[in-house]
Amino acid sequence: MKTVWKISLFVIFISNSLLAQVITQTIKGTIYDKQSQVPLPGVVVQVLNTNPVLNATSNEKGEFKISNVPIGRWQIKIQLIGYKEKYITVILNSGKESISVVELEEHVIQGEEVEVIAEQDKTKTNNKMSTVSSRVFSAEEAARYAGSRNDPARMAANFAGVSGANDSRNDIIIRGNSPLGILWRLNGLDIPNPNHFGNAGSTGGPISILNNNTLDNSDFMSGAFAADYGNATSGVFDLKMRQGNTEKFEFLGQVGFNGFELGAEGPLNKKKNASFLLNYRYSTLSVFNALNMDFGTGDAIPQYQDITFKTDFATNKFGKFSFWGIGGISYIALLESNKSGENDLFGFSARDTYFQSNVGASGLTHTFLMKNNAYLKTNIGISGTYNHILADRIDTSFKTPKNLKPEYRQKTQTIKYSINTTYNKKYNSRNFLNAGIYADVFNTLFVDSIDNYFGYNTFVTLRNYKGITSLLRGFIQWQHKFTDKLVLNSGISNQFFMLNNSNAIEPRLGLKYNINEKQSISIGAGMHSQLQPIYVYFASDSVNNQRVETNRALDFTRAVHVIGAYDLNFSQNLRIKTEVYYQYIFNAPVKSTPNYFSVLNLGADFTSPNITNLVSKGTGYNYGLEITLEKFYSKGYYFLFTSSLFESKYRGSDNILRNTAFNGNYVFNLLGGKEFKVNQKFVLIIDARATYAGGKRFVPIDLEASKLAKDEIRDGTRAFEKKYPNYFRLDLKPGFRLNFKKTTHEFSVDIQNLTQNDNVFQQVYDITNQRIKTNYQLKFFILPQYRILF
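Just so you know, these numbers come straight off a predicted model, no measurement behind them.

Participant: I'd like a description of the confidence of the model for the chain, backed by residues and values.
Facilitator: Residues with a pLDDT of 70 or more make up 91% of the chain, whose mean pLDDT is 89. By mean pLDDT, strand β8 (residues 116-117) is the weakest element of the chain at 40, and strand β37 (residues 657-659) is the strongest at 98. Under a pLDDT of 50 for its full length, residues 111-120 has, in the predicted model, 25 contacts with residues more than four places off or in other chains.

Participant: How would you summarise the sheet that holds strand β17 (residues 235-239) if you had to cite specific residues and measurements?
Facilitator: Pairing is mixed in the open sheet, where five strands are placed in the order β9-β16-β17-β12-β13. For this open sheet the edge positions go to β9 (134-137) and β13 (189-191), each flanked by a neighbour on one side alone. Pairwise comparison of adjacent strand axes, ignoring direction, gives a mean angle of 25° for this sheet. Pairing of strand β12 (residues 182-186) with β13 involves three bridges; the strand directions are antiparallel. Residue pairing in the sheet places R185 in a bridge with D190 of β13.

Participant: Give a detailed account of the pairing of strand β36 (residues 637-651), specifying residues and quantitative values.
Facilitator: Pairing geometry for strand β35 (residues 614-634) and β36, over 14 bridges, is antiparallel. Opposite L625, over in β36, you have L645 as the bridge partner. Joining the antiparallel neighbours β35 and β36 is a turn of two residues, in which K635 adopts a positive phi near 55°. Across nine bridges, β36 lies against strand β38 (residues 666-677) in antiparallel orientation. Residue pairing in the sheet places F639 in a bridge with G672 of β38. Where β36 lies against β37, three bridges are found, and the strand directions are antiparallel. Paired with R651 across the bridge in β37 is L657. In this antiparallel pair of consecutive strands, β36 and β37, the connection spans five residues, and N655 shows a positive phi of 65°.

The rules we used
Residues numbered from 1 in each chain as written. Predicted model: local features only at pLDDT ≥ 70, side-chain atom pairs only at ≥ 80, totals over all residues. Heavy atoms only, no water. pLDDT = per-residue confidence, 0-100. Helix = DSSP H or I, 4+ residues; strand = E, 2+ residues; numbered from the N terminus. Contact = heavy atoms within 4.5 Å. Pairing = 2+ DSSP bridges. Axes fitted to C-alpha atoms, helices over the stretch in contact; angles between N-to-C directions.

In structure tokens form, the structure reads like this:
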């Protein structure tokens, strides 16, 4: 810490010794009608609190540009007669122009009192049909929050209803639901798990491949989401990548926990408003390992790299096109035979495990403006995942080299071909219609086998499937504004899974009433359905000496969401939000014979188990209360307090009501930050975050049975009765931002678990020493990061 502050004081001295020259930059963007996506000309855009006044008016393409704006944080006022006034906040650096895409909402009744919509109103999502349990977030937030590691998923763990008490992975547990219930969507296409080291069927991982430097404002939803989202039961991440600069080339370099990174953007054709965006990242964890920094993998060194790109171009007759892609490859060897340390969050007792994971997605988006305030948006894409796992058992009884014996082999690959198209029609200021069709074709390979006998040629095939299946979906939804104060969102969706002809009809409804300028109430309800992880359908059992896939007939897991919300804005920058909810879950796969197992608990660990003989008869429920108190960034500081009290229960085929694996019962988050402006060029920044959450539920280890079996045996009769000790973590993130004439330098040190609290990760059976061992999460973690923009 002393070194950090010495560096900061030195930089202050250098910056003050420079010539007192005012550094300026450009603010520009495009303004659209929110419903019709028609560019809006004649919009007045003004930078507030400047002398002389700095403003501009949008042209016929909705574009505006304000030059020679002094660097710093500015509030922008955007207004057009007949539309609701809006404010946005921009951070202007010398190394990068500020580019914004702004959507204005038309008044229902012309001439009514103007409603001021602040940029800080996080409930104004990009999705036009969202009513409750949703908020917009910026890439700047993901970078700003202490402990977030530039990861949108870890950032979302600070929101009400979300539990992220896991230092090793970024799984999103919403309202007691499994993280497998999450839908990831990027640029209009549903994508697979966008994380390095993600196992088959999972939705999280240790390190995200989503590059924070390329993201635009995006949506996060935690319940009763709109009808255009399907195949999800707990929440939605609807992410958007920003457009590259269309007028000048800009570059960035970054080094930190997520890797060494280089980025570039700029124009491809200025006349056609075409641009590109490109970022590449390579693992830095080998460097951290050399510095004796523990990141939870023991002696193993994770290796990974990823790439992100996007191009945008517009035509006069054929509309707008964008082509984008993300991809990542990762590998780690968790070698128990070479382990020197005690703590290892990812390895398995008495086993050497080799894990390879690749993931990628790419798409082409076409937006075509039609006559009479309508537009058609079409997405075509391909995505895929690949996993290869080898596990060798270590035991002194084996007469093999190094006492190793092959135990488990797995190879999985899913390639998904996707197409969707949506028709959007704004009939007038009161009525908006949105309808679309989605088609996903899965080309899947899943092969795994295990040897529990360690004899000669005693491997048993668990799953061996190669084939093609499809998921088809259609939806229609309608928004009606009775007045500017009362809005109704309604819709219906239908999903059809061709593997077993299962079908799910999903009605959705949302209603919001603005009591006055400061208060509003909302209700939302809907049916939500989701496929099982693909590997579940292909689990096989031995019947008459043949492997039979026993789960192919499984239905969608279904959940009914009911949510009520109350919002109170004390001022433009301070609000409190309260939500209550109830979720009833049914058709969840459980064992056909009495057992505690339920698919609702999958996602609590790193495995994709071969569970056979399942039937869609399980149930569950979640209910809870959430409170958010938020001071949006203004006057140099912000804070966010969220509290979540919840209950999450399920019934397996034994008909016993149990806690789910994710029933932590409560989560409290408090975070905030302050910027100290030393001068125009130099800003000191400090952010902090504290989390207190209920411990993770677990199935206890039967020690005597484990000793007899020479492997870990859990006692299912006491499943999820108890929790590990409660989780607490305090993070501190000091840093600074320094602007020169053409470059911006940013440096921060994210100090995680400042109090060095012993947070339990898991208990495992130590096969070698025949004891129960407790693994702890990261004790004390320092993540420095440096970024340059030029």
